[in-house]
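# Residue-level structural notes
One letter stands for each residue in the lines below.
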Amino acid sequence: MKTLVTGAGGQVGAELVRKLRQRGETVVPTDRVVPEGADENYRALDVTNRGELDELLAQEQPDVVYHLAAVLSARGEENPQATYEVNQTGTYNVLEACRQAGVRRVVFTSSIAVFGPRVPDPTPDDAPLSPTTMYGVTKVAGELLGAYYEHRYGLDFRGVRFPGLISAAEPGGGTSDYALYMYVEGVRRGAYEAFCRPETRIPLMYMPDGIRALVEIGQAPKSRLTRCVYNIAAFSPTAADIAQSVERALSRVSIAFSPDPHRQAILDSWPRALDDAPARRDWDWAPAYDLEAMTEELVSELRAREGDERRGPREAGG
Ligand code: SER
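Here the residue numbering is sequential within each chain, running from 1 through the sequence in written order. Local features in this predicted model are restricted to residues of pLDDT 70 or higher, and side-chain atom pairs are both shown and tallied only at a pLDDT of 80 or more, whereas totals for entire chains, interfaces and linings draw on every residue. Water and hydrogen atoms play no part in the side-chain values, which are based on all heavy atoms of the structure.

## Structural notes on the overall build of the protein
- The way it works is that DSSP assigns letters per residue, a run of H or I at least four long becomes a helix, a run of E at least two long becomes a strand, and they are numbered from the N terminus. Along its length, the protein carries 11 helices and 11 strands.
- Within these notes, the globule rule equals 2.2 Å times the number of residues to the 0.38 power, and the radius of gyration is based on C-alpha atoms. For 318 residues, the compact-globule estimate of 2.2 N^0.38 gives 20 Å, and the C-alpha radius of gyration of the protein, at 19 Å, lies within 12% of that figure.
- When its C-alpha atoms are laid out on the principal axes, the protein stretches across 55 × 55 × 40 Å.
- When accessible area is computed with a 1.4 Å probe and restricted to protein chains, residues below 20% of their type maximum are described as buried, those above 50% as exposed, and intermediate ones as partly exposed. Taken across its 318 residues, the protein has 53% of its residues classed as buried.
- Neither His nor the chain ends is counted toward charge; the positive residues are Lys and Arg and the negative residues Asp and Glu. By convention, the charge on Lys lies at NZ, on Arg at CZ, on Asp at CG and on Glu at CD. Counting 36 positive and 46 negative side-chain charges, the protein places the centres of these two groups 2 Å from one another.

Next up, the structure:
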C-alpha cells in the first residue's frame, strides 16, 4: 500500500511519516518546500496548486492520502486570507484531485478548534460547531466537505479532531503551543513565560498517542465506523498543572504567566475536555499517556537532544 502525506514537514507530519515507514509502508512525504537532507521520495507539493496536485497523484498513484497541510490557529489569525487559501482551497483541491485520481481513502486531521464558546463540558462529537478562528472555520468546512465526498462519490474519508499536541518538535504557530514550550524552553533555558492564564484548561495529547490515533483511524475497518471524524482525548490539565508537572521533573525551572489577549481569547473559546466515547467504541481508541507519563518521557527526550546539541554533530553520533 502506498501512502502520500501532505504537510509532511510539520509537527505531526514528520512523525507520522517515520511511524508509517517503521510499519513497512511505502510513503511519499510532501510539503511546500522539500526540507534539506530529505530522502529522494520526498516531493514538493503546494496544496493550493491544483495542477501540481493532479500531476503528483498521477505519477505516484497512492492508495491513501493523509492530508495534514494547514496553517494553525494563532498564525492563521495573522493572515486569515492566506489561511483560507491553504486550509480551505487546499482541502477542496486534495479531495477533488483524489476523487479524480481514484485515491481510495483520505485521512484528515481536524481539531478542537472546530468548536466555539458555550459547548458542553466534556464536549461530545456532535456539539455545535461555531469556531471563532479561520483555522477552526476551515477545519469544520474540511470535515463537511470530506463527508460530502464520501456520500456523493464514495471516497473513504475519515479523520480525528486532535487536542493540542505536545512533542519535542518545534510547533507551527498553534494556540496550544504554551504547553509544549513549558517543556522545550524549560529544558533549554530553565524559564518560560506562558501566553495564557494559569487556570486555562484545554484538551491536550502527547504526540506518540496522536500519531498512533492517525494510524489506527487510517486502518480501522470501514464497517465499524459510524461517523467520518472523531473526537479523541487524552488529558485536560490546567496550564498551572502542566507548569507544576514540569517543575517536579526539572530541578531548576521558572514558569510564569503573561496572558496574550488574542491567544487567550482563542483558548477560552475551545472545549475544556473532549468526550471521545464513539472513537473508543468504534475503533478501540485509548490514549497511553497521561500528563505525568508524558512529562517523564518528554523531559528525558528533550534533555538528550540538548546534550546532543551541546556536544555538536560529530560527537552526538557516537
Ligand atoms: N494545536 C492547534 C492550534 O493550536 C489546535 O488544533 O492551532
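The rest of the description comes next.
## Quick word on the site of the ligand
- As a structural note, the neighbourhood of the ligand is formed by Leu-72, Ser-73, Ser-111, Tyr-135, Gly-174, Thr-175, Ser-176 and Trp-270.
- Separating an oxygen atom of the ligand from a side-chain N or O atom of Ser-73 is a distance of 2.5 Å.
- Think of a polar contact as two N or O atoms within 3.5 Å of one another; within protein, one of them needs to be a possible hydrogen donor and the other a possible acceptor, and neighboring residues in sequence only count if both atoms come from side chains. Contact distances for the ligand include 2.6 Å between an oxygen atom and a side-chain N or O atom of Ser-111.
- Each accessible area value is a Shrake-Rupley result obtained with a 1.4 Å probe; residue values ignore everything except the protein chains displayed when judging cover. Computed on the free molecule, the ligand has an accessible area of 240 Å², of which 93% lies beneath the protein chains in the complex. By convention in these notes, a residue is near a molecule or strand provided one of its non-hydrogen atoms lies within 4 Å of it.

## Let's talk about unusual backbone geometry
- Look at the link from Asp-121 to Pro-122: it is a cis peptide, with omega at 0°.
- Considering the arrangement of structural elements, one finds Pro-122 in the loop between strand E5 (105–111) and helix H5 (134–153).
- Its identity is not glycine, yet Gln-61 carries a phi of approximately 45°, on the positive side.
- With respect to the helices and strands, the residue Gln-61 is situated in the loop between helix H2 (50–60) and strand E4 (64–67).
- Accessibility expressed as a relative area gives 58% for Gln-61, which makes it exposed.
- Even without a glycine there, the phi angle at Asp-284 is positive, about 60°.
- Looking at the element boundaries, Asp-284 is found in the loop between helix H10 (277–283) and helix H11 (291–317).

## Examining the pattern of salt bridges
- Salt bridges are defined as contacts in which a side-chain nitrogen from Lys or Arg sits within 4 Å of a carboxyl oxygen from Asp or Glu. For the structure on display, the rule yields 25 salt bridges.
- A salt bridge links Glu-96 to Arg-99, with the shortest nitrogen-to-oxygen separation between them at 2.7 Å. One end of the pair, Glu-96, and the other, Arg-99, are both in helix H4 (residues 80–101), 3 residues apart, so they sit about a helical turn from each other.
- Connected through salt bridges with shared partners, the residues Arg-105, Glu-150, Asp-156, Arg-158 and Lys-222 form a single ionic network.

## Considerations on the side chain of Glu-185
- Along the chain, Glu-185 falls in helix H6 (residues 177–188).
- Within polar-contact distance, the side chain of Glu-185 engages the side chain of Arg-188 at 2.9 Å.
- Among the polar contacts listed, one links the side chain of Glu-185 to the side chain of Arg-189, at a separation of 2.6 Å.
- By the convention used here, residues are in contact when the closest approach between their heavy atoms is within 4.5 Å. Discounting chain neighbours no more than four positions away, the residues touching Glu-185 are Gly-190, Ala-191 and Tyr-192.

## Some thoughts on the nonpolar core
- Buried residues of nine kinds, namely Ala, Val, Leu, Ile, Met, Phe, Trp, Tyr and Cys, make up a nonpolar core once their side-chain atoms join them within 4.5 Å. Counting 43 residues, the largest nonpolar core has Tyr-178, Met-182, Tyr-183 and Ile-242 as the members making the most contacts within it.
- Contributions of two or more residues to this core are made by H5, H6, strand E8 (191–194), strand E9 (204–206), helix H8 (239–249), helix H9 (261–269) and H11.
- When residues of this core are assigned to their parent elements, the largest contribution, 7 residues, is made by H6.
- Residue contacts for Met-182: discarding those within four places in its chain leaves Tyr-192, Ala-194, Ala-239, Ile-242, Ala-243, Val-246, Ile-255 and Phe-257.

## A few points about the packing of H2 against H4
- Direction vectors running N to C along H2 and H4 enclose 35°, while the axes themselves pass 10 Å from each other. Between H2 and H4 lies a crossing whose hand is right-handed. From H2, Arg-50, Leu-53, Asp-54 and Leu-57 reach across to H4, where they touch Asn-93, Val-94, Glu-96, Ala-97, Cys-98, Gln-100 and Ala-101.
- Only Asp, Glu, Lys and Arg are considered charged, only Ala, Val, Leu, Ile, Met, Phe, Trp, Tyr, Cys and Pro nonpolar, and every remaining residue, Gly among them, polar. Here the contact of H2 with H4 is built from residues that sort into 6 nonpolar, 2 polar and 3 charged. In this analysis, axes come from line fits to C-alpha atoms, helices being fitted only over the stretch in contact, and the angle between any two N-to-C directions falls in the range 0 to 180 degrees. In a left-handed crossing the near helix is turned counterclockwise from the far helix by less than a right angle, and in a right-handed crossing that turn is clockwise.

## Comments concerning the pairing of E5
- Of all 7 residues in E5, 7 are buried; the element is thus mostly enclosed.
- Burial of the side chains of E5 extends over both faces: Arg-105, Val-107, Thr-109 and Ser-111 are buried on one face and Val-106, Phe-108 and Ser-110 on the other.
- In this scheme, strands are said to pair when DSSP sees at least two bridges between them. Of the pairings in the sheet, the one linking E4 to E5 comprises 4 bridges and is parallel in character. The residue of E5 that forms the bridge with Val-65 is Val-106.
- With 7 bridges joining them, E5 and strand E6 (residues 156–162) adopt parallel strand pairing.

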